[in-house]
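Residues per chain are reported as follows:
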Amino acid sequence: MTVNLEVADGVGTIRLDRPPMNALDIATQDRLRELAEEATRRDDVRAVVIWGGEKVFAAGADIKEMQVMDHAAMVVRSKALQDSFTAVARIPKPVVAAITGYALGGGCELALCADVRIAADNAKLGQPEILLGLIPGAGGTQRLARLVGPSKAKDLIFTGRQVKADEALTLGLVDRVVPAAEVYEQAHAWAARLAAGPALALRAAKESVDAGLETDIDTGLTIERNWFAGLFATEDRETGMRSFVEEGPDKAKFR
């Protein structure tokens, strides 16, 4: 398999495994969607790490595969491509991308689907599709602009340039830069901490932020209010408040 899901202690690692560069061919895209949907369904997966291995996250789509496709074929395939990445973005649990080496084109777009991005100090990110006479097609024009702002997104998309980890951090494209040997460890630690948290509240927080960004503030506040009130019906809310009153903050043990 070109993508695998390994689960331990509440953390599911979606591991890209298509040497040497984890090129995202059609089979890999479809497998990515299947595993994102599986991670969504499984109760034993409470947080997710997306990981390409020690050397490279994902260097982009399989250009040789795309080169032989005509307009009609891509009209059909482009929807499936976007659906695969959207399935990752819609995992209703905390998701962190552990980025080593190249995250270019589709690889960068996959990282954009995570809630948080932890990058190695040797990472390089970018959207080089313009150099092929194309534009990003797996969400890059939309998720990148929402993350770093339209002006910075246009610079990266118009030029197709690669940015090193330190510039990516300055742009807001990644959230943390660490030594390459520590990327997966730190990403897993972030996921493990949240895997022990209140699952429904985390889902509510993620959906409130993501859905709110797509609408006006009044509608966003309504989404937030409905989730906030709804959480008062959960066992986790009872556990958290009782623990706070009896033991102090950050002592609750959520089921």
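It should be noted that the structure appears before, not after, this text.
Below, the structure is looked at part by part. Note that the structure is a prediction, hence the values are computed from the model and not measured.

**Quick notes on helix 6 (residues 150-159)**
Side chains of residues three or four places apart in an α-helix project in the same direction, reflecting 3.6 residues per turn.
Turning to step 1, where the next piece is worked out: Every buried residue belonging to helix 6 is among A153, L156 and I157, and all of these are buried. The buried residues of helix 6 occupy an angular sector of 95 degrees when the element is viewed end-on, so they sit on one face. Across helix 6 from its buried face, at more than 90 degrees, point the exposed residues S151 and F158.
Turning to step 2, where the next piece is worked out: The secondary structure elements touched by the buried residues of helix 6 are helix 5 (140-148), strand 8 (162-164) and helix 7 (165-171).

**Considerations on empty space enclosed by the protein**
Turning to step 1, where the next piece is worked out: If you walk through the whole model with that rule in mind, you get one cavity of 30 Å³ or more.
Turning to step 2, where the next piece is worked out: Approximately 80 Å³ is the volume found for the largest cavity.
Turning to step 3, where the next piece is worked out: What lines the largest cavity is L24, I26, Q29, A61, D62, E65, M66, M69, M74, R77 and L81.
Turning to step 4, where the next piece is worked out: Take the lining of the largest cavity: its biggest share by element is three residues, from helix 3 (residues 71-89).

**Structural notes on the packing of helix 1 (residues 26-41) against helix 3**
Turning to step 1, where the next piece is worked out: Relative to each other, helix 1 and helix 3 sit at 35 degrees, their axes nearing to 8 Å. The two elements helix 1 and helix 3 meet at a crossing, and its hand is left-handed. Contacts between helix 1 and helix 3 pair I26, Q29, D30, L32, R33, A36 and E37 from the former with R77, L81, D83, S84, A87 and V88 from the latter.
Turning to step 2, where the next piece is worked out: Of the residues that constitute the contact of helix 1 with helix 3, the class distribution is six nonpolar, two polar and five charged.

**Examining the environment of V76**
Turning to step 1, where the next piece is worked out: Assignment of secondary structure puts V76 in helix 3.
Turning to step 2, where the next piece is worked out: Residue V76 is classed as exposed on the basis of its relative accessible area, which comes to 62%.
Turning to step 3, where the next piece is worked out: Each C-alpha atom, one on V76 and one on T141, is 19 Å from the other, the two residues being 65 residues apart in sequence.

**Concerning the packing of aromatic side chains**
How two aromatic rings sit relative to each other is given by the distance of their centres and the angle of their planes.
Turning to step 1, where the next piece is worked out: Applying the stated criterion to the full structure yields two aromatic pairs.
Turning to step 2, where the next piece is worked out: Ring geometry for W51 versus Y184: centroids 5.1 Å apart, planes at 40 degrees, classification tilted. Taken together, the residues W51 in strand 3 (residues 47-51) and Y184 in helix 8 (residues 183-195) connect sequence positions 133 residues apart.

Rules of the game
- Residues numbered from 1 in each chain as written.
- Predicted model: local features only at pLDDT ≥ 70, side-chain atom pairs only at ≥ 80, totals over all residues.
- Heavy atoms only, no water.
- Buried < 20%, exposed > 50% of the residue type's maximum accessible area, 1.4 Å probe, protein only.
- Helix = DSSP H or I, 4+ residues; strand = E, 2+ residues; numbered from the N terminus.
- Arc of directions from axis to C-beta.
- Contact = heavy atoms within 4.5 Å.
- 1 Å grid on protein atoms, 1.4 Å probe; cavity = no way out; pocket = protein on both sides within 12 Å on 5 of 7 lines; lining within 4 Å.
- Points joined across faces, edges and corners; volume = space filled by probe spheres on them.
- Axes fitted to C-alpha atoms, helices over the stretch in contact; angles between N-to-C directions.
- Left-handed = near helix turned anticlockwise from the far one by under 90°.
- Nonpolar A, V, L, I, M, F, W, Y, C, P; charged D, E, K, R; others polar.
- Phe/Tyr/Trp six-rings, centres within 6.5 Å; stacked < 30°, edge-to-face > 60°.

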